[in-house]
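Secondary and tertiary structure notes
Letter by letter, the chains look like this.
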Amino acid sequence: MMKEIATRPNKTVYRDGDYCYKVFAADYKKSDIFNEVLNQTRVEETGLFVPKVHEVKRLDDGRLAIVMDYVEGKSLAKLIEEHPEKHDKYIERLIDIQLSMHALTAPELNKQRAKFMRKIDMSGLDASSRYELHMRLDGMPKHKKLCHGDFNPSNVIITNDDRACVIDWSHATIGNASADTARTYLLFMLDGDEKTAAFYMNTFCKKSDTAVQYVQQWLPIVAASQMAKGKEHEREMLAKWADVCQYD
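The following refers to the structure shown.

What follows covers the overall build of the chain. Along the backbone of the chain there are 10 helices and 10 strands. For 248 residues, the compact-globule formula gives about 18 Å, and the C-alpha radius of gyration of the chain, at 18 Å, lands near that figure. Along the first, second and third principal axes, the C-alpha set of the chain runs to 55 × 40 × 35 Å. Expressed as a percentage of its 248 residues, the buried residues of the chain come to 47%. Taking all contacts inside the chain whose residues are at least 6 apart in sequence as the whole, residues at least 24 apart take part in 66%.

What follows is the structure, encoded as structure tokens:
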């Protein structure tokens with residue numbers, strides 16, 4: 001019998017013995033589901049610890065589900081919640097995992113730059129702002145590193161034997177690691193956790209020997225990309241982040 005273990009607006013995750021079912025809403029785009037499967041299997045081939053995908057299954061109610069291995073453990077978000085005194089230690093663990101991911105590549109994944117180009121056009125910003133963002137993106141260094149696209153403590157499971165398993169690869173691309181870093185920083189900020197955002201940014205840049213100013217150059221681009229999701233409660237804040245002139 002399946003047991004619910006997580007829920008999101010358009011998807012619910014269940015455990016059924018050794019398997020995990022990620023069940024999508026009936027109106028969820030089929031192409032996005034299969035793209036997520038393709039992303040995850042390509043990342044699996046890099047050797048990074050991710051849940052092994054077995055199949056896409058249509059359930060009796062017509063909804064589609066990704067069937068993958070169930071990974072026993074707790075998310076870093078849950079561990080931080082349970083042990084706030086270890087907050088910095090867990091954020092450093094998050095960064096170390098992200099750095100190990102950025103050391104890999106998966107050439108068949110979608111290109112980060114093309115995704116950002118498309119998302120900027122979907123941001124709802126005016127033509128002048130979109131032009132400035134496209135010019136900023138065009139001038140940024142081109143890399144081919146494995147980028148998660150939604151890397152945060154909720155998407156890292158620490159197993160009972162202390163291994164790190166990275167989940168939810170729907171936004172994965174290959175591209176510039178600092179863009180991925182800027183994205184994680186932005187997610188902390190959107191969650192209202194400025195203290196963690198600052199600690200994450202400064203610690204990541206020290207560990208990777210990356211200039212904070214360089215990561216900040218990506219912030220308008222990742223903010224505009226987030227605006228494409230159409231979340232009205234985020235729009236005012238993201239519009240400020242997407243202002244290219246702020247970081248010039």
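A few words on the nonpolar core. Within the largest apolar cluster, 52 residues are counted, with the highest numbers of intra-cluster contacts made by L76, I97, V156, W169, Y185 and W218. Setting aside residues no more than four positions away along its own chain, W218 makes contact with Q112, F116, L137, M140, P141, N176, S178, A179 and A182.

Under the defined criterion, the tally for this structure stands at 5 aromatic pairs. Ring centres of F116 and W218 lie 6.2 Å apart, and the angle between their planes is 40°; this geometry places the pair in the tilted category. With F116 in helix α4 (residues 112-121) and W218 in the loop between α8 (212-216) and α9 (219-227), this residue pair connects regions lying 102 residues apart in the sequence. W218 gets classed as buried once you look at its relative accessible area, which sits at 1%. Between the aromatic rings of Y200 and F204, the centroid separation amounts to 6.0 Å while the plane-to-plane angle is 40°, which identifies the pairing as tilted. Of the two residues, Y200 and F204 both sit in helix α7 (residues 194-208), 4 residues apart, roughly one turn of that helix. Among the aromatic residues, those joined into a cluster by ring pairs are F188, Y200 and F204. The ring of F49 is capped by R163, whose NZ or CZ atom sits 4.1 Å from the centre of that ring.

The sheet built from 5 strands is open, its strands ordered β1-β2-β3-β5-β4 with antiparallel pairing. Of all strands in the sheet, those with a lone pairing partner are β1 (3-8) and β4 (53-58), marking the two edges. Adjacent strand axes in the sheet meet at a mean angle of 20° when their direction is disregarded. Of the strands in this sheet, β3 (19-24), β4 and β5 (64-69) are in contact with helix α1 (residues 30-44), which crosses β4 at around 170°.

What follows covers helix α6 (residues 177-190). If you check α6, its first and last C-alpha atoms are 20 Å apart, about what 14 residues at 1.5 Å a residue would give, namely 20 Å. Most of α6 is tucked away, with 13 of its 14 residues classed as buried. The backbone nitrogen of S178 lies 2.9 Å from a side-chain oxygen of the residue at the head of α6, namely N176. Where α6 ends, the next residue or the one after it, G192, has phi of about 80°, a positive value.

Reading guide: rules and limits
Residues numbered from 1 in each chain as written. Predicted model: local features only at pLDDT ≥ 70, side-chain atom pairs only at ≥ 80, totals over all residues. Heavy atoms only, no water. Helix = DSSP H or I, 4+ residues; strand = E, 2+ residues; numbered from the N terminus. Rg over C-alpha atoms; globule rule 2.2 N^0.38 Å. Buried < 20%, exposed > 50% of the residue type's maximum accessible area, 1.4 Å probe, protein only. Contact = heavy atoms within 4.5 Å. Core = buried A, V, L, I, M, F, W, Y, C linked by side-chain atoms within 4.5 Å. Phe/Tyr/Trp six-rings, centres within 6.5 Å; stacked < 30°, edge-to-face > 60°. Lys NZ or Arg CZ within 6 Å of the ring centre and 35° of its normal. Pairing = 2+ DSSP bridges. Axes fitted to C-alpha atoms, helices over the stretch in contact; angles between N-to-C directions. Expected span 1.5 Å × (residues − 1). Polar contact = N/O pair within 3.5 Å; in protein donor to acceptor, adjacent residues only side chain to side chain.

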